[in-house]
Amino acid sequence: MDTPENIYVTKSFLPPIEDYETYIRQIYDNGILTNQGPLLQELEKKLQKFLDIDNLQYVSNGTIALQLALKALEIDDGEIITTPFSYVATTSSILWERCTPVFVDIEPNNFTIDANKIEAAITSDTKAIMPVHVFGYACDVEKIEQIAKQHNLKVIYDAAHAFGSRYNGKSLVSYGDISTLSFHATKLFHTIEGGACIVNCGNETAKHLDLCKRFGHNCDEHYTLGINGKQSEFNAAMGLANFPHIDEIIHERKRVCDAYDAKLKAIVQRPKTQQGLDYNYAYYPVVFKDENQLLNVFAALNAEHIFPRRYFYPSLNTLPYLKNKMSCPVSEDICSRIACLPLYPTLSDSDITRICDIILSQLS
Ligand SMILES: *Cc1c(COP(=O)(O)O)cnc(C)c1O
């Protein structure tokens, strides 16, 4: 008998190869490989329209997008209030920019930063708040905006999971001074590698960020310290080939989530989505009773060649290279027993049933 194909937590969407080829041919014809070429500009325009925002700058990845956001807002020291429940890049980008992450615990309903605990963490050194719309769920954007105004802080949303999520009729990336996206191959919409900064705080910052991402100069005139955050035409080509499939990708992801819900919702703990959220179905996290139960479920699934992932583990406030240890009990508890199940458009109904049955067999 054939061994079954491995099922991973995600599987990158690939557009019809002919569509990709059409764009690659354009690159061969015009000879422009990078440096804000025509395909990149076309992709930026399409994404701006799709997300209903004014300034989207396509950059080389979602991590450099966070670092550029800090640079563009001229934050190069001080404290950044952030969440311990995210991918490591949220914290590492703060540290890499020589700022200090200050972790505020998450709220247990949807695992985003607990906005009611932010003010207690503000000091005279606080420069910004960097929350994450984790799994595509919306942070308490109103409360965070109000706190930021009152204390004169910048807000940078790591919106790497939020592509396509809308809140109160607006794209989630339209909140904050700057929101950042990742278009990594594992994300809902991808360009193999890639990311974006969405600048919502005006033209000056947008222009500054644009300079920062291409070495800080125009021709022979050098204006500011820069870095190379540019993205290639080949990556933009993948984005353009994937772009027409966004609605279908989200639709199929919803099918998978609905099928999981039908079998699991009454039995495992799931995040509560807030009113007004139009969800993008980016992830399907489940919270087990304890770490032991999670490990048993993983062992049973792995034996059947199914590989969910511990998103997120460990809680970022416990990273070994942090100088100050802070306690975030809610995040540490959730991290010990949360996992994301396989979720991608071509996951079949029979595989979903199989995954659910294996999980359920371990829960009694
Ligand atoms: C993927 C991800 C990033 C990093 O994006 P890259 O494009 O891989 O650099 C940052 N933050 C979060 C929450 C992510 O999931």
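Definitions and cut-offs
- Residues numbered from 1 in each chain as written.
- Predicted model: local features only at pLDDT ≥ 70, side-chain atom pairs only at ≥ 80, totals over all residues.
- Heavy atoms only, no water.
- Buried < 20%, exposed > 50% of the residue type's maximum accessible area, 1.4 Å probe, protein only.
- Helix = DSSP H or I, 4+ residues; strand = E, 2+ residues; numbered from the N terminus.
- Pairing = 2+ DSSP bridges.
- Phe/Tyr/Trp six-rings, centres within 6.5 Å; stacked < 30°, edge-to-face > 60°.
- Lys NZ or Arg CZ within 6 Å of the ring centre and 35° of its normal.
- Domains from an automatic or database assignment.
- Contact = heavy atoms within 4.5 Å.
- Buried area = accessible area lost by both parts, 1.4 Å probe.
- Near = heavy atom within 4 Å.
- Polar contact = N/O pair within 3.5 Å; in protein donor to acceptor, adjacent residues only side chain to side chain.
- Areas by Shrake-Rupley, 256 points an atom, 1.4 Å probe, with all protein chains shown as cover.
- Axes fitted to C-alpha atoms, helices over the stretch in contact; angles between N-to-C directions.
- Parallel < 35°, antiparallel > 145°, perpendicular 65-115°, else oblique.
- Left-handed = near helix turned anticlockwise from the far one by under 90°.
- Nonpolar A, V, L, I, M, F, W, Y, C, P; charged D, E, K, R; others polar.
- Disulfide = S-S within 2.5 Å.
- Core = buried A, V, L, I, M, F, W, Y, C linked by side-chain atoms within 4.5 Å.

### Describing the pairing of strand β2 (residues 56–59)
Phase 1: Burial of the side chains of β2 extends over both faces: L56 and Y58 are buried on one face and Q57 and V59 on the other.
Phase 2: In this sheet, strand β10 (residues 195–199) lies alongside β2 in antiparallel orientation, the contact comprising four bridges. Pairing of V59 across the sheet is with G195, part of β10.

### What to know about the packing of aromatic side chains
Phase 1: Under the counting rule described, the total for this entry stands at 18 aromatic pairs.
Phase 2: With 6.0 Å between their ring centres and 80° between their planes, F50 and F243 make a pair best called edge-to-face. In this pair, F50 sits in helix α2 (residues 38–51) while F243 sits in the loop between α7 (233–242) and α8 (246–264), placing the two residues 193 residues apart along the sequence.
Phase 3: You can call F50 partly exposed: its relative accessible area is 27%.
Phase 4: You can call F243 buried: its relative accessible area is 18%.
Phase 5: Ring centres 5.1 Å apart and planes at 15° place the aromatic pair F163 and F189 in the stacked group. Of this pair, F163 sits in the loop between β6 (154–158) and β7 (166–167) while F189 sits in the loop between β9 (178–182) and β10, and the two are 26 residues apart along the sequence. Accessibility classification places F163 together with F189 in one group, the buried group.
Phase 6: Over the face of the ring belonging to Y175 we find K170, whose NZ or CZ atom lies 4.8 Å from the ring centre.

### Quick look at the environment of H251
Phase 1: Position of H251 relative to the elements: it lies in helix α8.
Phase 2: Measuring from C-alpha to C-alpha, the distance between H251 and A159 comes to 20 Å, with 92 residues separating the pair along the chain.

### Comments concerning the domain arrangement of the chain
Phase 1: Each assigned domain of the chain is listed here: domain 1 (17–243) and domain 2 (245–363).
Phase 2: For domain 1 and domain 2, the distance between their C-alpha centroids amounts to 24 Å.
Phase 3: Contact with domain 1, which involves 39 residues of that partner, is made by 38 residues of domain 2.
Phase 4: Summing both partners gives a buried area of about 3,400 Å² for domain 1 against domain 2, and 67% of it is carried by carbon and sulfur.

### Focus: the site of the ligand
Phase 1: What surrounds the ligand is a group of 14 residues, the closest being T63, D158, H161, S182 and K187.
Phase 2: Interatomic distance of 2.7 Å between a backbone N/O atom of G62 and an oxygen atom of the ligand.
Phase 3: Contact between the ligand and D158: a nitrogen atom at 2.7 Å from a side-chain N or O atom of the residue.
Phase 4: Taking 380 Å² as the accessible area of the ligand by itself, protein coverage stands at 92%.
Phase 5: Within the residue set of the shell around the ligand, elements represented by two or more residues are α3 (62–72) and α4 (88–96).

### Describing the sheet that holds strand β13 (residues 277–278)
Phase 1: Ordered by their spatial adjacency, three strands build an open sheet running β8-β7-β13, and the pairing between neighbours is antiparallel. Edge strands, defined here as strands with exactly one partner in the open sheet, are β8 (170–171) and β13.
Phase 2: Looking at chain direction, β7 and β8 are connected through two bridges and run antiparallel. Counterpart to R166 in the pairing with β8 is S171.

### Describing the packing of α3 against helix α6 (residues 203–212)
Phase 1: In contact at an axis separation of 9 Å, α3 and α6 are set at 125° when each is read in the N-to-C sense. Between α3 and α6, the angle falls in the class oblique. Considering only the axes of α3 and α6, their crossing is right-handed. Residues L68, A69, K71 and A72 of α3 lie in contact with α6, whose contacting residues are T205, H208, L209 and C212.
Phase 2: Each residue belonging to the contact of α3 with α6 can be placed in one class, and the counts come to five nonpolar, two polar and one charged.

### Points about the state of the cysteines
Phase 1: In this structure the tally under the stated criterion is zero disulfides.
Phase 2: Here C197 is not disulfide-linked; the sulfur of C212 is the nearest cysteine sulfur, at 9.8 Å.

### A look at the nonpolar core
Phase 1: F85, I118, F135 and Y260 are the most contacted members of the largest nonpolar core, which totals 97 residues.
Phase 2: In terms of residue count, the dominant contributor to this core is α8 (seven residues).
Phase 3: Setting aside residues no more than four positions away along its own chain, F135 makes contact with F85, F111, H161, Y279, N280, A282, Y283, P285, Y311, F312, I338 and C340.

### Focus: unusual backbone geometry
Phase 1: In the segment running from Y311 into F312, the intervening peptide bond is cis, with an omega of 0°.
Phase 2: Note that the residue after Y313, namely P314, is joined by a cis bond; omega there is 0°.
Phase 3: Here P314 shows up in the loop between β15 (306–307) and α10 (329–337).
Phase 4: The phi torsion at F135 lies on the positive side, around 60°, for a residue other than glycine.
Phase 5: Along the chain, F135 falls in the loop between β5 (126–130) and α5 (141–151).
Phase 6: A positive phi angle is found at Y281, which is not glycine, with a value near 55°.

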